[in-house]
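# Breakdown of the fold
Here is what each chain is made of, one letter per residue.
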Amino acid sequence: MDWGIANRINRILKPSTGRTVMLAVDHGYFLGPTSGLEEPRKTLEPLLPHADSLMLTRGVLRNCVPRESDIPIVLRVSGGTSILTELSGEGLTVAMEDAIRLNACAITLSIFVGAEGERQTLLNLARLVDEGERYGIPVLAVTAVGKDMVRDARYLGLACRIASEIGAHLVKTYYCEGFAEVVRSTPVPLVVAGGKKIPEKDAILLAWNSVRAGAKGVDMGRNIFQSDSPIGMIRAVKAVVQENASVDQAYGIYQQARGGRK
Ligand code: R5P
(Lines give C-alpha, C1' and ligand atoms only; values in the text may rest on other atoms or scores of the structure.)
Protein backbone atom coordinates (compact mmCIF):
# COMPACT_ATOMS: atom_id res chain seq x y z
CA MET A 1 0.00 0.00 0.00
CA ASP A 2 1.22 3.49 -0.88
CA TRP A 3 2.70 5.40 2.08
CA GLY A 4 0.23 8.28 1.70
CA ILE A 5 -2.78 5.99 1.72
CA ALA A 6 -1.45 4.06 4.72
CA ASN A 7 -0.67 7.26 6.60
CA ARG A 8 -4.10 8.75 5.96
CA ILE A 9 -5.77 5.52 7.11
CA ASN A 10 -3.65 5.70 10.27
CA ARG A 11 -4.98 9.17 10.97
CA ILE A 12 -8.53 7.76 10.83
CA LEU A 13 -8.00 4.36 12.53
CA LYS A 14 -5.95 5.41 15.55
CA PRO A 15 -2.69 3.41 15.54
CA SER A 16 -2.89 2.65 19.28
CA THR A 17 -6.11 0.65 18.78
CA GLY A 18 -6.61 0.42 15.01
CA ARG A 19 -10.11 1.83 15.56
CA THR A 20 -12.08 5.02 15.02
CA VAL A 21 -15.14 6.84 16.26
CA MET A 22 -16.16 8.53 13.03
CA LEU A 23 -18.83 11.15 13.59
CA ALA A 24 -21.21 11.11 10.59
CA VAL A 25 -22.90 14.40 9.79
CA ASP A 26 -23.29 14.04 6.02
CA HIS A 27 -27.02 13.23 6.12
CA GLY A 28 -28.09 16.59 4.66
CA TYR A 29 -26.70 15.67 1.23
CA PHE A 30 -29.92 13.75 0.52
CA LEU A 31 -32.13 14.40 3.61
CA GLY A 32 -31.82 18.18 3.81
CA PRO A 33 -31.99 19.72 7.32
CA THR A 34 -32.59 16.50 9.21
CA SER A 35 -33.43 16.48 12.93
CA GLY A 36 -30.41 17.38 15.05
CA LEU A 37 -28.48 18.76 12.09
CA GLU A 38 -30.59 21.83 11.31
CA GLU A 39 -27.59 24.00 12.19
CA PRO A 40 -24.53 21.84 11.59
CA ARG A 41 -22.12 24.30 13.17
CA LYS A 42 -24.02 24.20 16.49
CA THR A 43 -24.25 20.40 16.44
CA LEU A 44 -20.60 19.96 15.58
CA GLU A 45 -18.89 22.41 17.89
CA PRO A 46 -19.24 20.50 21.19
CA LEU A 47 -18.75 17.08 19.55
CA LEU A 48 -15.58 17.70 17.54
CA PRO A 49 -13.16 17.34 20.48
CA HIS A 50 -14.53 13.83 21.14
CA ALA A 51 -14.57 12.42 17.60
CA ASP A 52 -11.60 10.61 16.00
CA SER A 53 -12.70 11.48 12.46
CA LEU A 54 -15.52 13.31 10.73
CA MET A 55 -17.66 12.30 7.74
CA LEU A 56 -19.32 15.20 5.94
CA THR A 57 -19.78 17.07 2.67
CA ARG A 58 -17.58 19.86 1.39
CA GLY A 59 -20.33 22.44 1.95
CA VAL A 60 -20.61 21.73 5.66
CA LEU A 61 -16.84 21.40 5.96
CA ARG A 62 -16.19 24.80 4.37
CA ASN A 63 -18.96 26.61 6.22
CA CYS A 64 -19.35 24.93 9.59
CA VAL A 65 -16.02 23.43 10.71
CA PRO A 66 -13.46 25.77 12.29
CA ARG A 67 -10.27 26.04 10.23
CA GLU A 68 -8.15 25.45 13.30
CA SER A 69 -9.65 21.97 13.69
CA ASP A 70 -7.20 19.13 13.02
CA ILE A 71 -9.80 16.37 12.85
CA PRO A 72 -9.25 13.92 9.96
CA ILE A 73 -11.88 14.53 7.28
CA VAL A 74 -13.72 11.76 5.44
CA LEU A 75 -15.25 13.70 2.59
CA ARG A 76 -18.48 12.55 0.95
CA VAL A 77 -18.07 12.84 -2.79
CA SER A 78 -21.28 11.15 -4.00
CA GLY A 79 -24.82 12.46 -4.29
CA GLY A 80 -27.13 13.95 -6.87
CA THR A 81 -30.35 12.37 -5.54
CA SER A 82 -32.70 13.23 -2.69
CA ILE A 83 -35.06 11.41 -0.36
CA LEU A 84 -37.83 12.42 -2.79
CA THR A 85 -36.44 10.36 -5.69
CA GLU A 86 -34.65 7.07 -6.41
CA LEU A 87 -31.70 7.27 -4.04
CA SER A 88 -29.56 4.69 -5.78
CA GLY A 89 -28.93 6.90 -8.81
CA GLU A 90 -25.99 8.70 -7.19
CA GLY A 91 -23.15 10.18 -9.17
CA LEU A 92 -19.86 11.76 -8.11
CA THR A 93 -20.19 15.33 -6.85
CA VAL A 94 -16.63 16.44 -5.99
CA ALA A 95 -13.51 16.56 -8.18
CA MET A 96 -10.44 14.88 -6.73
CA GLU A 97 -8.55 18.17 -6.86
CA ASP A 98 -11.12 19.78 -4.55
CA ALA A 99 -10.87 16.85 -2.12
CA ILE A 100 -7.10 17.40 -2.07
CA ARG A 101 -7.56 21.17 -1.64
CA LEU A 102 -9.77 20.40 1.38
CA ASN A 103 -7.04 18.16 2.80
CA ALA A 104 -9.35 15.12 2.92
CA CYS A 105 -7.94 12.11 4.74
CA ALA A 106 -10.32 9.85 2.82
CA ILE A 107 -13.12 10.21 0.31
CA THR A 108 -16.38 8.33 0.54
CA LEU A 109 -19.30 7.36 -1.67
CA SER A 110 -22.33 5.11 -1.45
CA ILE A 111 -22.75 1.92 -3.44
CA PHE A 112 -26.19 0.42 -3.92
CA VAL A 113 -25.76 -3.32 -4.42
CA GLY A 114 -29.02 -4.94 -5.56
CA ALA A 115 -30.70 -1.62 -6.41
CA GLU A 116 -31.38 0.18 -9.68
CA GLY A 117 -28.16 2.18 -9.42
CA GLU A 118 -25.94 -0.83 -8.67
CA ARG A 119 -23.85 -0.75 -11.86
CA GLN A 120 -23.31 3.00 -11.92
CA THR A 121 -22.42 3.27 -8.23
CA LEU A 122 -19.97 0.36 -8.45
CA LEU A 123 -18.35 1.99 -11.47
CA ASN A 124 -18.22 5.24 -9.46
CA LEU A 125 -16.30 3.32 -6.79
CA ALA A 126 -13.87 1.89 -9.35
CA ARG A 127 -13.16 5.37 -10.72
CA LEU A 128 -12.61 6.84 -7.27
CA VAL A 129 -10.25 4.03 -6.29
CA ASP A 130 -8.17 4.70 -9.41
CA GLU A 131 -8.04 8.41 -8.58
CA GLY A 132 -7.41 7.75 -4.89
CA GLU A 133 -4.51 5.45 -5.73
CA ARG A 134 -3.10 8.13 -8.05
CA TYR A 135 -3.08 10.79 -5.31
CA GLY A 136 -2.65 8.69 -2.16
CA ILE A 137 -6.18 9.15 -0.81
CA PRO A 138 -8.07 6.14 0.58
CA VAL A 139 -11.67 5.44 -0.42
CA LEU A 140 -14.37 4.43 2.05
CA ALA A 141 -17.30 2.65 0.38
CA VAL A 142 -20.66 3.03 2.11
CA THR A 143 -22.86 -0.02 1.58
CA ALA A 144 -26.18 1.78 1.29
CA VAL A 145 -29.22 -0.42 1.78
CA GLY A 146 -32.25 0.07 -0.46
CA LYS A 147 -35.78 0.14 0.98
CA ASP A 148 -36.45 -3.48 0.00
CA MET A 149 -33.09 -4.96 1.06
CA VAL A 150 -32.76 -7.20 4.07
CA ARG A 151 -29.82 -6.21 6.26
CA ASP A 152 -28.58 -9.74 6.87
CA ALA A 153 -25.07 -11.19 6.84
CA ARG A 154 -25.57 -12.70 3.39
CA TYR A 155 -26.56 -9.43 1.74
CA LEU A 156 -24.16 -7.17 3.69
CA GLY A 157 -21.36 -9.71 3.16
CA LEU A 158 -22.04 -9.55 -0.59
CA ALA A 159 -21.97 -5.74 -0.68
CA CYS A 160 -18.85 -5.45 1.52
CA ARG A 161 -16.95 -8.09 -0.44
CA ILE A 162 -17.79 -6.47 -3.78
CA ALA A 163 -16.65 -3.08 -2.45
CA SER A 164 -13.33 -4.49 -1.29
CA GLU A 165 -12.81 -6.48 -4.51
CA ILE A 166 -13.22 -3.27 -6.53
CA GLY A 167 -10.53 -1.72 -4.34
CA ALA A 168 -12.19 0.20 -1.49
CA HIS A 169 -9.65 0.74 1.28
CA LEU A 170 -12.31 0.92 4.01
CA VAL A 171 -15.97 -0.13 4.05
CA LYS A 172 -18.89 1.14 6.08
CA THR A 173 -21.78 -1.22 6.63
CA TYR A 174 -24.46 -2.17 9.15
CA TYR A 175 -24.29 -4.51 12.11
CA CYS A 176 -26.33 -7.71 11.74
CA GLU A 177 -26.65 -11.15 13.25
CA GLY A 178 -23.59 -13.14 12.17
CA PHE A 179 -21.58 -9.96 11.64
CA ALA A 180 -18.28 -11.75 12.35
CA GLU A 181 -18.80 -13.62 9.07
CA VAL A 182 -19.14 -10.30 7.21
CA VAL A 183 -15.85 -9.18 8.82
CA ARG A 184 -14.16 -12.49 7.95
CA SER A 185 -15.07 -12.29 4.27
CA THR A 186 -14.14 -8.62 3.81
CA PRO A 187 -10.37 -8.18 3.53
CA VAL A 188 -10.32 -4.46 4.46
CA PRO A 189 -11.31 -2.63 7.68
CA LEU A 190 -15.03 -2.29 8.35
CA VAL A 191 -16.76 0.44 10.32
CA VAL A 192 -20.38 0.19 11.40
CA ALA A 193 -23.10 2.81 10.87
CA GLY A 194 -25.49 3.56 13.68
CA GLY A 195 -28.65 3.76 11.57
CA LYS A 196 -31.92 5.27 12.77
CA LYS A 197 -32.16 6.58 16.34
CA ILE A 198 -32.65 3.80 18.89
CA PRO A 199 -32.51 3.91 22.71
CA GLU A 200 -29.06 4.99 23.91
CA LYS A 201 -28.22 1.70 25.61
CA ASP A 202 -29.08 -0.22 22.43
CA ALA A 203 -26.83 2.04 20.36
CA ILE A 204 -23.98 1.50 22.83
CA LEU A 205 -24.60 -2.25 22.63
CA LEU A 206 -24.52 -2.05 18.84
CA ALA A 207 -21.08 -0.40 19.02
CA TRP A 208 -19.90 -2.98 21.55
CA ASN A 209 -21.15 -5.94 19.47
CA SER A 210 -19.58 -4.47 16.35
CA VAL A 211 -16.07 -4.08 17.72
CA ARG A 212 -16.25 -7.44 19.49
CA ALA A 213 -17.05 -9.02 16.11
CA GLY A 214 -14.06 -7.32 14.50
CA ALA A 215 -15.27 -3.93 13.24
CA LYS A 216 -12.64 -1.20 13.35
CA GLY A 217 -15.05 1.21 14.97
CA VAL A 218 -18.22 3.07 14.14
CA ASP A 219 -19.38 5.71 11.69
CA MET A 220 -22.23 7.00 13.81
CA GLY A 221 -24.50 9.98 13.32
CA ARG A 222 -28.15 10.02 14.42
CA ASN A 223 -27.61 7.98 17.57
CA ILE A 224 -25.19 10.69 18.67
CA PHE A 225 -26.59 14.00 17.46
CA GLN A 226 -30.27 13.04 18.01
CA SER A 227 -29.62 11.86 21.56
CA ASP A 228 -30.78 13.96 24.51
CA SER A 229 -27.08 14.09 25.43
CA PRO A 230 -24.96 14.07 22.26
CA ILE A 231 -21.77 14.57 24.26
CA GLY A 232 -22.71 11.79 26.67
CA MET A 233 -23.33 9.46 23.73
CA ILE A 234 -20.13 10.18 21.82
CA ARG A 235 -18.11 9.77 25.01
CA ALA A 236 -19.90 6.50 25.79
CA VAL A 237 -19.35 5.13 22.28
CA LYS A 238 -15.72 6.21 22.37
CA ALA A 239 -15.21 4.38 25.67
CA VAL A 240 -16.49 1.20 24.03
CA VAL A 241 -14.53 1.59 20.78
CA GLN A 242 -11.23 2.98 22.08
CA GLU A 243 -11.07 1.84 25.70
CA ASN A 244 -12.87 -1.52 25.60
CA ALA A 245 -15.43 -0.32 28.18
CA SER A 246 -18.35 -2.61 28.93
CA VAL A 247 -21.88 -1.61 27.86
CA ASP A 248 -22.79 -0.79 31.48
CA GLN A 249 -19.67 1.33 32.02
CA ALA A 250 -20.34 3.24 28.80
CA TYR A 251 -24.02 3.70 29.60
CA GLY A 252 -22.93 5.12 32.96
CA ILE A 253 -20.82 7.71 31.11
CA TYR A 254 -23.86 8.72 29.05
CA GLN A 255 -26.12 8.91 32.13
CA GLN A 256 -23.62 10.98 34.05
CA ALA A 257 -23.27 13.42 31.17
CA ARG A 258 -27.01 13.96 30.98
CA GLY A 259 -27.12 14.67 34.68
CA GLY A 260 -28.40 11.39 36.07
CA ARG A 261 -31.93 11.94 34.71
CA LYS A 262 -33.88 8.71 34.05
C1 R5P B 1 -25.85 7.76 5.23
O2 R5P B 1 -25.89 7.54 4.05
C3 R5P B 1 -24.81 8.55 5.77
O4 R5P B 1 -23.68 8.27 5.01
C5 R5P B 1 -24.48 8.41 7.24
O6 R5P B 1 -23.20 8.92 7.37
C7 R5P B 1 -24.44 7.01 7.78
O8 R5P B 1 -25.64 6.36 7.57
C9 R5P B 1 -24.06 7.00 9.26
O10 R5P B 1 -24.96 7.73 10.00
P11 R5P B 1 -26.06 7.05 10.95
O12 R5P B 1 -25.30 6.53 12.12
O13 R5P B 1 -26.98 8.17 11.30
O14 R5P B 1 -26.71 5.95 10.18
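About the cut-offs
Residues numbered from 1 in each chain as written. Predicted model: local features only at pLDDT ≥ 70, side-chain atom pairs only at ≥ 80, totals over all residues. Heavy atoms only, no water. Phe/Tyr/Trp six-rings, centres within 6.5 Å; stacked < 30°, edge-to-face > 60°. Buried < 20%, exposed > 50% of the residue type's maximum accessible area, 1.4 Å probe, protein only. Helix = DSSP H or I, 4+ residues; strand = E, 2+ residues; numbered from the N terminus. Pairing = 2+ DSSP bridges. Axes fitted to C-alpha atoms, helices over the stretch in contact; angles between N-to-C directions. Contact = heavy atoms within 4.5 Å. Expected span 1.5 Å × (residues − 1). Salt bridge = Lys/Arg side-chain N within 4 Å of Asp/Glu carboxyl O.

With that settled, consider the packing of aromatic side chains. Here the structure, examined in full by the defined rule, presents 3 aromatic pairs. Ring geometry for Y175 versus F179: centroids 5.4 Å apart, planes at 45°, classification tilted. On the accessibility criterion, F179 (1% relative accessible area) is buried. Summarising the aromatic geometry, the rings of Y251 and Y254 are spaced 5.5 Å apart at their centres and angled 35° between planes, so their arrangement reads as tilted. Of this pair, Y251 and Y254 both sit in helix α12 (residues 247–257), 3 residues apart, which is roughly one turn of the helix. Among the residues examined, Y251 registers a relative accessible area of 21% and is labelled partly exposed.

Turning our attention to the sheet that holds strand β6 (residues 106–111). One closed barrel accounts for 8 strands, arranged β1-β2-β3-β6-β7-β8-β9-β10; its pairing is parallel. Adjacent strand axes in the sheet meet at a mean angle of 25° when their direction is disregarded. As paired elements, strand β7 (residues 139–143) and strand β8 (residues 170–173) share 3 bridges and run parallel to each other. Within β8, the position partnered with V142 by the bridge is K172. In the packing of helix α6 (residues 118–135) onto the sheet, the strands contacted are β6 and β7, and the crossing angle to β6 comes to about 165°. Sheet strands touched by helix α11 (residues 230–243): β1 (20–24) and β10 (217–220). Its angle to β1, the strand with the most contacts, is close to 150°.

Next up on the list: unusual backbone geometry. For N103, which is not glycine, the phi torsion reads 60° and is therefore positive. Within the element layout of this structure, N103 appears in the loop between α5 (96–101) and β6. One non-glycine residue with positive phi stands out, namely N244, at about 55°. Among the structural elements, N244 can be located in the loop between α11 and α12. Owing to a relative accessible area of 48%, N244 belongs among the partly exposed residues under this scheme.

With 13 residues, helix α9 (residues 200–212) extends 18 Å between its outermost C-alpha atoms, agreeing within 8% with the 18 Å of an ideal straight helix rising 1.5 Å per residue. Where the residues of α9 are buried, they touch α8 (179–184), β9 (190–193), β10, α10 (222–225), α11 and α12. Backbone geometry just after α9 places G214 at a positive phi near 115°.

Our next topic: the pattern of salt bridges. Summed over the entire model, instances satisfying the criterion amount to 14 salt bridges. Note that R184 and E181 form a salt bridge whose closest N and O atoms lie 3.0 Å from each other. Here the residue R184 and the residue E181 both occupy positions in helix α8, the gap between them amounting to 3 residues, near one helical turn. What makes R184 exposed here is its relative accessible area of 66%.

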